[in-house]
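# Summary of structural features
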Amino acid sequence: MSLRDSIQDDLNEAMKARDQVRVSTLRLIQAAIKDRDISARSEDRCEGCADQEIMALLQKLVKQREESAETYEKAGRLDLAERERAEAEIVREYLPRPMADREIADAAREVVDELDASGLKDMGKCMGALKERYAGRMDFSKAGQEVKTLLQGQT
């Protein structure tokens, strides 16, 4: 079952269960996917966006929810912060298990060795390979730090 189908099925179940937070969050996800599909069609990709793009989109939605929750918390709106965190948890259900720091370090080392990267000039190439292989699972800010450390050690 594709990610889209899973989201649609869960939306139908949430509507039957009258779970308003889940319904609104899943509709938000579907709207974001539809928007990305429209962008893909304008780039002559008639099939719409792939599952990897959807996972990247879901990661972005989680990050937005977490940032909003922090903002609401600082403003003293704990009720809204709680709702944002609940939405983030619903979105996380569709993402694969995130990689641990050790796994990120190993993957970064593997890519640097595989691409025979020899300095910071190869950072973009390494990050591109990591994003292609581990979209939706890897924290790319941590991966970037790891790749940078590895490449600086080689110069």
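Here the structure is a predicted model, which is why all the values come from computation and not from measurement.

With that out of the way, let us pick up unusual backbone geometry. Although it is not a glycine, R18 adopts a positive phi angle of roughly 60°. The exposure class assigned to R18 is exposed, which follows from its relative accessible area of 70%. One non-glycine residue, D116, lies in positive phi territory at about 55°. For D116, the location among the structural elements is in the loop between α5 (101–114) and α6 (123–134).

When the terminal C-alpha atoms of helix α4 (residues 78–92) are compared, their 21 Å separation across 15 residues agrees well with the 21 Å that a helix rising 1.5 Å per residue should span. Those residues of α4 not exposed but buried are A81, E84, E87, A88, I90 and V91. Summarising the contacts, the buried residues of α4 are in contact with α2 (20–42) and α3 (51–74).

A few words on the packing of aromatic side chains. The full count for this structure, using the stated rule, is 0 aromatic pairs. Directly above the ring of F140 sits K131, whose terminal nitrogen or CZ lies 5.8 Å from the centroid.

Tracing the backbone shows A40 in helix α2. Along the sequence, A40 and R77 sit 37 residues apart, while their C-alpha atoms lie 37 Å from each other. Excluding anything up to four places from it in sequence, A40 contacts R45, G48 and C49.

Once that is clear, we can look at the side chain of R65. Position of R65 among the secondary structure elements: in helix α3. A distance of 2.9 Å separates a polar atom in the side chain of R65 from a polar atom in the side chain of E87. With residues up to four places along the chain from it excluded, the contact list for R65 reads L28, E84, E87 and A88.

At their nearest, the axes of α2 and α3 sit 10 Å apart, and the two run at 130° to each other. Our classification of the angle between α2 and α3 gives oblique. For the pair α2 and α3, the crossing hand works out as right-handed. Across from L28, I29, A32, I33 and R36 in α2, the residues of α3 making contact are E53, I54, L57, L58, L61 and R65. Of the residues assigned to the contact of α2 with α3, the class counts are 8 nonpolar, no polar and 3 charged.

Of note, E70 is situated in helix α3. With a relative accessible area of 42%, E70 lands in the partly exposed category.

This part takes up α3. Look at α3: 35 Å from first C-alpha to last across 24 residues, which is about the 34 Å you get at 1.5 Å a residue. What α3 keeps buried is the set I54, M55, L57, L58, L61, V62, R65 and A69.

When cut into domains, the chain gives domain 1 (3–93) and domain 2 (101–153). Taken over C-alpha atoms, the centre of domain 1 sits 28 Å from the centre of domain 2.

About the thresholds
Per chain, residue numbering runs from 1 following the sequence as it is written. pLDDT decides what is reported in this predicted model: residues at 70 or higher carry local features, side-chain atom pairs at 80 or more are listed and counted, and totals for whole chains, interfaces and linings draw on all residues regardless. The side-chain quantities take in all heavy atoms of the structure and omit both hydrogens and water. The buried label goes to any residue with under 20% of its type's maximum accessible area, the exposed label to any with over 50%, and the partly exposed label to all in between, with areas taken from a 1.4 Å probe on protein chains only. Secondary structure elements follow DSSP: runs of H or I of four or more residues count as helices, runs of E of two or more count as strands, with numbering from the N terminus. Expected span of a helix, by definition, is 1.5 Å for each gap between consecutive residues, and there is one gap fewer than residues. In what follows, residue pairs with any heavy atoms lying within 4.5 Å of each other are defined as contacts. Stacked, edge-to-face and tilted are the three classes for Phe, Tyr and Trp ring pairs, Trp counted by its six-membered ring, which pair at centre distances within 6.5 Å; planes under 30 degrees apart are stacked, over 60 edge-to-face, the rest tilted. For a ring to carry a charge above it, either NZ of a lysine or CZ of an arginine must fall within 6 Å of the ring centroid while also lying within 35 degrees of the normal to the ring plane. Pairs of N or O atoms are called polar contacts if they sit within 3.5 Å, as long as, within protein, a hydrogen donor faces a hydrogen acceptor (for residues adjacent in sequence, only side-chain-to-side-chain pairs). For helices, the axis comes from a line fit to the C-alpha atoms of the stretch in contact; other axes are also lines fit to C-alpha atoms, and the angle between any two N-to-C directions lies between 0 and 180 degrees. We call two directions roughly parallel when the angle between them is under 35 degrees, roughly antiparallel when it is over 145, roughly perpendicular when it lies between 65 and 115, and oblique otherwise. Note: crossing handedness is left-handed where the near helix turns anticlockwise from the far helix by less than a right angle, and right-handed where it turns clockwise. Polar here means any residue outside two lists: the nonpolar Ala, Val, Leu, Ile, Met, Phe, Trp, Tyr, Cys and Pro, and the charged Asp, Glu, Lys and Arg; Gly therefore counts as polar. Residue ranges labeled as domains rest on an automatic or database domain assignment.

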